[in-house]
Amino acid sequence: MPQHDSIQVQNVSKQFGQKVVLQDITLEVPKAHILGLLGPSGSGKTTLVRMIAGIDAPTSGTVHVLGQQMPQLSMLAKIGYMAQSDALYAELTAQENLEFFAALYGISGTRRKQRMQEVMELVDLSAHLKKQITHYSGGMKRRLSLAISLLHEPEILILDEPTVGIDPVLRKSIWEELTKLCQQGTTILLTTHVMDEADKCHQLGMIRDGKLTAVGTPQALKQATSSATIEEAFLYYGGARA
């Protein structure tokens, strides 16, 4: 596998029983790139990112991350994954959640304290560190999930709809941070429904009914479809409004 590609998906299909969820997907994400996956609900985006994160295995085809075939347990420390449904312990406080995941990633001592502080500042939750998750709103839970995925400074960041329910001002600062991480060498794969976010990605993959209908830079996809906006290009490639 070429080393310049952080993520390589080769002829991947996924079936649950008789239902084909993904069909022959081939996709490469170069190191230090942001690739956005766009597609209506139920198009297979989440299934694809779960396989890249190593949570699910493909029915056929292969997934390589940093040269290693997935799923592979040893890769967990190199991947930050934020699921659509928040994987948080509701009966614990935000601080206890962060400490749990920091221990899982082997972060201890001064570094643990420093990273917890940094990620909570980024998602604007520092004032709610001691609050139990049951008292968090939906948007706050999303922000805490994002903070946890960034905690161990992973080489690969996989985010499933990271900014859903997050206000525009905070969304802007999160995107600034993602861009900065990318410039520092982090490879980011995310799913989004937000068209202005799609424009911020280096590359976009359009998914429809489990098939990858187009891949390219936002500019190239707009040009190929004679579209003024990503939204027009998305609709051209068969994306129902999500």
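Presented here is a report on the structure given in the accompanying data block.

## With respect to the nonpolar core
Soluble, globular proteins show a tendency: their nonpolar side chains are buried together.
Logical step 1: Core analysis: the largest hydrophobic core is formed by 46 residues, its most contacted members being Met120 and Leu144.
Logical step 2: Counting residues in each nonpolar core, the second largest holds 23 residues, with Ile25, Val29, Met51 and Ile52 among its members.

## Structural notes on the packing of aromatic side chains
Logical step 1: Counted according to the given criterion, the structure contains 4 aromatic pairs.
Logical step 2: Aromatic side chains Phe100 and Phe101 sit 5.1 Å apart centroid to centroid with 85 degrees between the ring planes, which places their arrangement in the edge-to-face category.
Logical step 3: Given a relative accessible area of 35%, Phe100 falls into the partly exposed group.
Logical step 4: Under the relative-accessibility criterion, Phe101 is labelled buried at 12%.

## A short note on the state of the cysteines
Logical step 1: Summed over the entire model, instances satisfying the criterion amount to 0 disulfides.
Logical step 2: Between Cys182, a free cysteine, and Cys201, which holds the nearest cysteine sulfur, the sulfur-to-sulfur gap is 9.7 Å.

## Comments concerning the sheet that holds strand 1 (residues 5–16)
Logical step 1: Strand order in the open sheet made by the 4 strands is 2-1-4-5, with antiparallel pairing throughout. Since the sheet does not close on itself, it has two edges, and those belong to strand 2 (19–30) and strand 5 (68–69), each with one partner.
Logical step 2: By the bridge criterion, 5 bridges tie strand 1 to strand 4 (residues 60–65) in an arrangement that is antiparallel. Directly across from Val9, in strand 4, lies its bridge partner Val63.

## A closer look at the pattern of salt bridges
Logical step 1: One pass over the full model with this rule turns up 11 salt bridges.
Logical step 2: Notably, a salt bridge pairs Arg115 with Glu153, separated by 3.8 Å at the nearest N-O pair. On the criterion of sequence distance, the pair formed by Arg115 in helix 3 (residues 109–122) and Glu153 in the loop between helix 4 (138–150) and strand 7 (156–160) is long-range, its members being 38 residues apart.
Logical step 3: Note on Arg115: relative accessible area 11%, which makes it buried.
Logical step 4: Note on Glu153: relative accessible area 48%, which makes it partly exposed.
Logical step 5: With a closest N to O distance of 3.2 Å, Glu197 and Arg171 form a salt bridge. Placement of Glu197 in helix 6 (residues 195–198) and of Arg171 in helix 5 (residues 168–183) is noted, with a sequence separation of 26 residues between them. Judged on exposure class, the residue Glu197 and its partner Arg171 are both buried.

## A few points about empty space enclosed by the protein
Logical step 1: Applying the stated criterion to the full structure yields 1 cavity of 30 Å³ or more.
Logical step 2: Estimated volume of the largest cavity: approximately 40 Å³.
Logical step 3: The class makeup of the residues in the lining of the largest cavity is 3 nonpolar, 4 polar and 2 charged.

## Digging into the layout of surface pockets
Logical step 1: Of the voids in this model, the largest pocket is the one considered here, and its volume is about 330 Å³.
Logical step 2: Together, 17 residues line the largest pocket, and Tyr81, Met82, Ala87, Phe101 and Tyr105 are the ones closest to its centre.
Logical step 3: Elements supplying a minimum of two residues to the lining of the largest pocket: strand 6 (79–82), helix 2 (94–104) and helix 4.
Logical step 4: Partitioned by chemical class, the residues of the lining of the largest pocket number 13 nonpolar, 3 polar and 1 charged.
Logical step 5: Considering the residues around the second largest pocket, the lining is formed by Arg115, Glu118, Val119, Leu122, Leu150, Glu153, Pro154, Glu177, Lys180, Leu181, Gln184 and Thr186.
Logical step 6: Listing elements by their share of the lining of the second largest pocket, those giving two or more residues are helix 3 and helix 5.
Logical step 7: The dominant element in the lining of the second largest pocket, judged by the number of residues it contributes, is helix 3, at 4 residues.
Logical step 8: In terms of residue class, the lining of the second largest pocket is made up of 5 nonpolar, 2 polar and 5 charged.

Thresholds applied
Residues numbered from 1 in each chain as written. Predicted model: local features only at pLDDT ≥ 70, side-chain atom pairs only at ≥ 80, totals over all residues. Heavy atoms only, no water. Core = buried A, V, L, I, M, F, W, Y, C linked by side-chain atoms within 4.5 Å. Buried < 20%, exposed > 50% of the residue type's maximum accessible area, 1.4 Å probe, protein only. Phe/Tyr/Trp six-rings, centres within 6.5 Å; stacked < 30°, edge-to-face > 60°. Disulfide = S-S within 2.5 Å. Pairing = 2+ DSSP bridges. Helix = DSSP H or I, 4+ residues; strand = E, 2+ residues; numbered from the N terminus. Salt bridge = Lys/Arg side-chain N within 4 Å of Asp/Glu carboxyl O. 1 Å grid on protein atoms, 1.4 Å probe; cavity = no way out; pocket = protein on both sides within 12 Å on 5 of 7 lines; lining within 4 Å. Points joined across faces, edges and corners; volume = space filled by probe spheres on them. Nonpolar A, V, L, I, M, F, W, Y, C, P; charged D, E, K, R; others polar.

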